[in-house]
Amino acid sequence: EGTAGLERILFPLEICLEWQQSQAPGAGLYNLGNTCFLNSVLQCLTYTPPLANYLLSGEHSQFCLKQGFCMMCLMEAHVSRALRCSACAISPRAVHCALTRIGPFQQSRQEDAHEFLRCAVDAMQRACLRGSTDLDVPLEEATVIHQIFGGFLRSRVTCQSCEVVSDSYEAFLDIPLDIRAASSVTTALQDFVRPEWLGGDNCYKCHRCDELVAATKRLTIYQAPRVLTLCLKRFEDITGRKLSKVVEYLECLDLCPYTSQTAGEPLCYALYAVLVHSGDSCSEGHYFCYTKASNGLWYKMDDTSVELCVLDVVLAQQAYLLFYVR
């Protein structure tokens, strides 16, 4: 269930995970009034190597047939300009003016960086589909955006009476991690894949037993993405209050222990961007980020400011979003 068409590729192309050229970091971004959430996400996307490589190739705009707003064309122009202007700051006005087209955002209000990231990636996904409405879900999951950011989760339910297994699959573009009881990202990932007991009022209807039974349900990563985005859930759903705590994360991450086939080779990812929120709630505070440029050095990017920094500083942050490349 949910696996039909996994091998169908809408845009067959070579996804290069490493930078095609080495250069100094690009431009900082002017804050246009409560736009630090936008600036920090744009910088993280700009320094996502496979996305930047594709956008810098100009392939999308060369064949784009859309009239009016196109998020891929917008990002292509922004990334090209941002990486070319290394000695000054630039304005993200084109993206800012398109906020209401990208998602449910207001131009003068502080927004949540994770929500903007998801909406921006979804808008790029829609742009890749060139406005088509008759595509099935598996085909939508085969765009260049899903080839870069997307993976699949497997949900396995095991009946405790007859031990029959039922699997279903779901596409994902990032993984949200509950950090309330976790001191590290690896601990949070262990919690993410820990089996859940289904019993009492939450029993499972087994198709073999043909009755409600106790069962276990476990999520694992069935198909790992090329770019892994982890969201550390720091904000309460109702109050928006922030959970300020240190959650350890590493420069290199092996995703294999959290996959459906844990006996395979190590699945290694390298950290390339960290997005940070400072403040007490999601409706206030400030966003900035740390990114690894194509020259292999780390930089703190805080609106117009672009400053060289060391890895130890990067790894000491109260991270909100973590970006890893395979």
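What counts, and at which threshold
- Residues numbered from 1 in each chain as written.
- Predicted model: local features only at pLDDT ≥ 70, side-chain atom pairs only at ≥ 80, totals over all residues.
- Heavy atoms only, no water.
- Buried < 20%, exposed > 50% of the residue type's maximum accessible area, 1.4 Å probe, protein only.
- Helix = DSSP H or I, 4+ residues; strand = E, 2+ residues; numbered from the N terminus.
- Pairing = 2+ DSSP bridges.
- Axes fitted to C-alpha atoms, helices over the stretch in contact; angles between N-to-C directions.
- Salt bridge = Lys/Arg side-chain N within 4 Å of Asp/Glu carboxyl O.
- Core = buried A, V, L, I, M, F, W, Y, C linked by side-chain atoms within 4.5 Å.
- Contact = heavy atoms within 4.5 Å.
- 1 Å grid on protein atoms, 1.4 Å probe; cavity = no way out; pocket = protein on both sides within 12 Å on 5 of 7 lines; lining within 4 Å.
- Points joined across faces, edges and corners; volume = space filled by probe spheres on them.
- Nonpolar A, V, L, I, M, F, W, Y, C, P; charged D, E, K, R; others polar.
- Phe/Tyr/Trp six-rings, centres within 6.5 Å; stacked < 30°, edge-to-face > 60°.
- Lys NZ or Arg CZ within 6 Å of the ring centre and 35° of its normal.

The protein appears in an unreviewed UniProt entry as UBP42 hydrolase from Trogon melanurus.

**Notes on helix α2 (residues 49–57)**
The element α2 is extensively covered by neighbouring structure, given that seven of its nine residues are classed as buried. Along α2, the residues that are buried comprise Pro49, Pro50, Leu51, Ala52, Asn53, Tyr54 and Leu55.

**Some remarks on the sheet that holds strand β1 (residues 151–159)**
With antiparallel pairing, the four strands of this open sheet are ordered in space as β2-β1-β7-β4. Here the strands that pair on one side only, and so sit at the sheet edges, are β2 (165–172) and β4 (196–198). Here the average twist between neighbouring strands, direction ignored, is 30 degrees. As paired elements, β1 and strand β7 (residues 215–223) share eight bridges and run antiparallel to each other. The partner of Ser155 across the bridge, within β7, is Leu219.

**Some words on the pattern of salt bridges**
For the coordinates displayed, the defined rule picks out six salt bridges. Across the pair Arg118 and Asp174 runs a salt bridge whose closest N-O atoms are separated by 2.4 Å. Taken together, the residues Arg118 in helix α7 (residues 113–128) and Asp174 in the loop between β2 and β3 (175–178) connect sequence positions 56 residues apart. Using a relative accessible area of 15% as the deciding quantity, one classes Arg118 as buried.

**Some details on the nonpolar core**
If you look at the biggest cluster of nonpolar residues, it comprises 61 residues, and the most contacted ones within it are Met72, Ile102, Phe116, Met124, Ile145, Phe149 and Leu275. A total of ten residues in this core trace back to one element, the largest contributor, which is α7. Once residues lying within four places of it in the same chain are set aside, the contact partners of Met124 are Leu45, Leu51, Met71, Met72, Met75 and Ile145.

**Details of unusual backbone geometry**
Within the chain, Asn34 stands out as a residue other than glycine whose phi angle is a positive 60 degrees. Structurally, the position occupied by Asn34 is in the segment before α1 (36–46). When its relative accessible area of 38% is taken as the criterion, Asn34 is described as partly exposed.

**A word on empty space enclosed by the protein**
Where empty space is left can be seen by rolling a probe of water-molecule size over the atoms. Per the stated rule, a full pass over the model turns up one cavity of 30 Å³ or more. Residue lining of the largest cavity: Leu29, Cys36, Asn39, Ser40, Gln43, Tyr287, Phe288, Met301, Asp302 and Asp303, and that is the complete set. No other element matches α1, which puts four residues into the lining of the largest cavity. When the residues that make up the lining of the largest cavity are grouped by side-chain class, the tally is five nonpolar, three polar and two charged.

**Topic: the packing of aromatic side chains**
Scanning all chains against the criterion turns up nine aromatic pairs. Ring centres of Phe235 and Tyr320 lie 5.1 Å apart, and the angle between their planes is 75 degrees; this geometry places the pair in the edge-to-face category. One end of the pair, Phe235, is in the loop between β8 (227–233) and β9 (252–254); the other, Tyr320, is in strand β14 (residues 319–325), with 85 residues separating them in the sequence. Relative accessible area serves as the criterion here: at 14%, Phe235 is assigned to the buried category. Among the aromatic residues, ring-to-ring pairing joins Phe37, Phe105 and Phe116 into one connected group. A cation sits over an aromatic face here: Lys300 above Phe288, 4.8 Å from the ring centre.

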